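# Analysis of the macromolecular model
For reference, the chains in residue letters:
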Amino acid sequence: YDKVLKEAGDAIGRIAESGIGEYLDIKAMQQTFKQIGLVSKMTREENYEVPLMLEDETLNIRVKILKKAEKEGKVFTSFETEEFGSILAQFTVNDGVLSALVAGESNIGLERLKEKSNFEESFKNAGFEEVTFNYIQTDIINVDYFRRHFDKAESDQMTTKQLYNIAKTFIQTVKKAGSNL
C-alpha cells in the first residue's frame, strides 16, 4: 500500500503539472490519500480477542501484531485475571533472541505469573533458542501507553508466521499456568 500511495502521488503530480483538465479537486485527492493511508496502516496492525477458559474463569486475551515491514514486527498480548491481575507483554526478536517485557499492575500478580507459567521453557520448546523475559510493575496496562513509555526495543527478521507463533505460545502458556490455579 505504501507503493500504491507513492504511485498515486506521482500520478497526481504529473497530471497537475501537465495542465490536463480544467481543475484539480484538491479535497478529492486529499480524501483518496487518507483512504489509502488508512488501508496501509490497517495492514500493519492486526488485533484479535482470543477467548480462553481457565478453570471456572473465562478470559479474553488481546493480541496486537504490529508489522513495520515484511520481515519486521512486534507482538503485544494482554489479559486480566483475578489471580494475576492485568498483564501486558511485548515480544520482539533481535539478532535471533526473543525478548519479552511483561508488565503487570501488581508485583504479587507478576510473581504468581512467573512461578506458574515458565515462559522461557515454553518459548524454547516452540523453537526460540535464546529467550529473555523481563518483568516490570506499572499502574497503567494499555498497549498505546506501553508503546509510548516502555517500547524502546527494535525488532528484526520476524515473519508473519513467527509473530503468530509467539502469540500462540504465549496463549498456550497462560492456559497451562491457569490450569495450575
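A brief look at the structure comes next. (Residues numbered from 1 in each chain as written. Predicted model: local features only at pLDDT ≥ 70, side-chain atom pairs only at ≥ 80, totals over all residues. Heavy atoms only, no water.)

## Structural notes on the pairing of strand 4 (residues 85-94)
Summarising burial for strand 4: 9 of the 10 residues are buried, a large majority. Of the pairings in the sheet, the one linking strand 4 to strand 5 (residues 97-104) comprises 8 bridges and is antiparallel in character. Following the sheet pairing, Thr-92 is matched in strand 5 by Ser-99. Linking strand 4 back to strand 5 in an antiparallel pair, the connection comprises 2 residues, with Asp-95 at a positive phi of about 55°. (Buried < 20%, exposed > 50% of the residue type's maximum accessible area, 1.4 Å probe, protein only. Helix = DSSP H or I, 4+ residues; strand = E, 2+ residues; numbered from the N terminus. Pairing = 2+ DSSP bridges.)

## Concerning the nonpolar core
Among the nonpolar cores identified, the biggest contains 32 residues, and Phe-79, Phe-91, Phe-123, Phe-133 and Ile-166 are the most heavily contacted of them. At 7 residues, the largest contribution of residues to this core is made by helix 6 (residues 160-179). Contact partners of Phe-91, with chain neighbours within four places excluded, come to Lys-74, Val-75, Thr-77, Leu-98, Ser-99, Ala-100, Phe-123, Phe-133, Ile-166 and Phe-170. By size, the runner-up hydrophobic cluster in this structure holds 7 residues, among which are Phe-76, Leu-88, Leu-101 and Val-143. (Core = buried A, V, L, I, M, F, W, Y, C linked by side-chain atoms within 4.5 Å. Contact = heavy atoms within 4.5 Å.)

## What about the environment of Phe-123?
Within the secondary structure, Phe-123 is located in helix 4 (residues 119-125). For Phe-123, a relative accessible area of 0% translates into the label buried. In this structure the C-alpha to C-alpha distance between Phe-123 and Thr-169, which are 46 residues apart in sequence, comes to 6.6 Å. Beyond its immediate sequence surroundings of up to four residues, Phe-123 is in contact with Phe-91, Leu-98, Phe-128, Val-131, Phe-133, Ile-166, Thr-169 and Phe-170.

## Considerations on the side chain of Thr-173
Tracing the chain through its elements places Thr-173 in helix 6. Setting aside its immediate chain neighbours within four residues, Thr-173 contacts Ser-117, Asn-118, Phe-119 and Ser-122.

## Side note on the packing of aromatic side chains
Under the counting rule described, the total for this entry stands at 11 aromatic pairs. With centroids separated by 6.5 Å and ring planes inclined at 85°, the aromatic side chains of Phe-79 and Phe-84 adopt a geometry described as edge-to-face. A residue is classified by how much of its surface remains accessible, and Phe-79, at 1% relative accessible area, is buried. With relative accessibility at 1%, the residue Phe-84 sits in the buried group. Ring geometry for Phe-123 versus Phe-128: centroids 6.1 Å apart, planes at 55°, classification tilted. Per residue, the accessibility class of Phe-123 equals that of Phe-128, and both read buried. Site record: aromatic cluster; members linked through ring pairs are Phe-79, Phe-84, Phe-91, Phe-119, Phe-123, Phe-128, Phe-133, Tyr-135 and Phe-170. (Phe/Tyr/Trp six-rings, centres within 6.5 Å; stacked < 30°, edge-to-face > 60°.)

## Some points on the pattern of salt bridges
Opposite charge on two side chains permits them to pair, given that their charged atoms come into close proximity. The full count for this structure, using the stated rule, is 3 salt bridges. In this structure, the salt-bridge partner of Glu-111 is Lys-114, at a minimum N-O distance of 3.1 Å. One end of the pair, Glu-111, and the other, Lys-114, are both in helix 3 (residues 107-117), 3 residues apart, so they sit about a helical turn from each other. By relative accessible area, which is 38% here, Glu-111 ends up partly exposed. Look at Lys-114 and you get partly exposed, because its relative accessible area is 34%. If you follow the salt bridges from partner to partner, you end up with Glu-83, Arg-112 and Lys-116 in one network. (Salt bridge = Lys/Arg side-chain N within 4 Å of Asp/Glu carboxyl O.)

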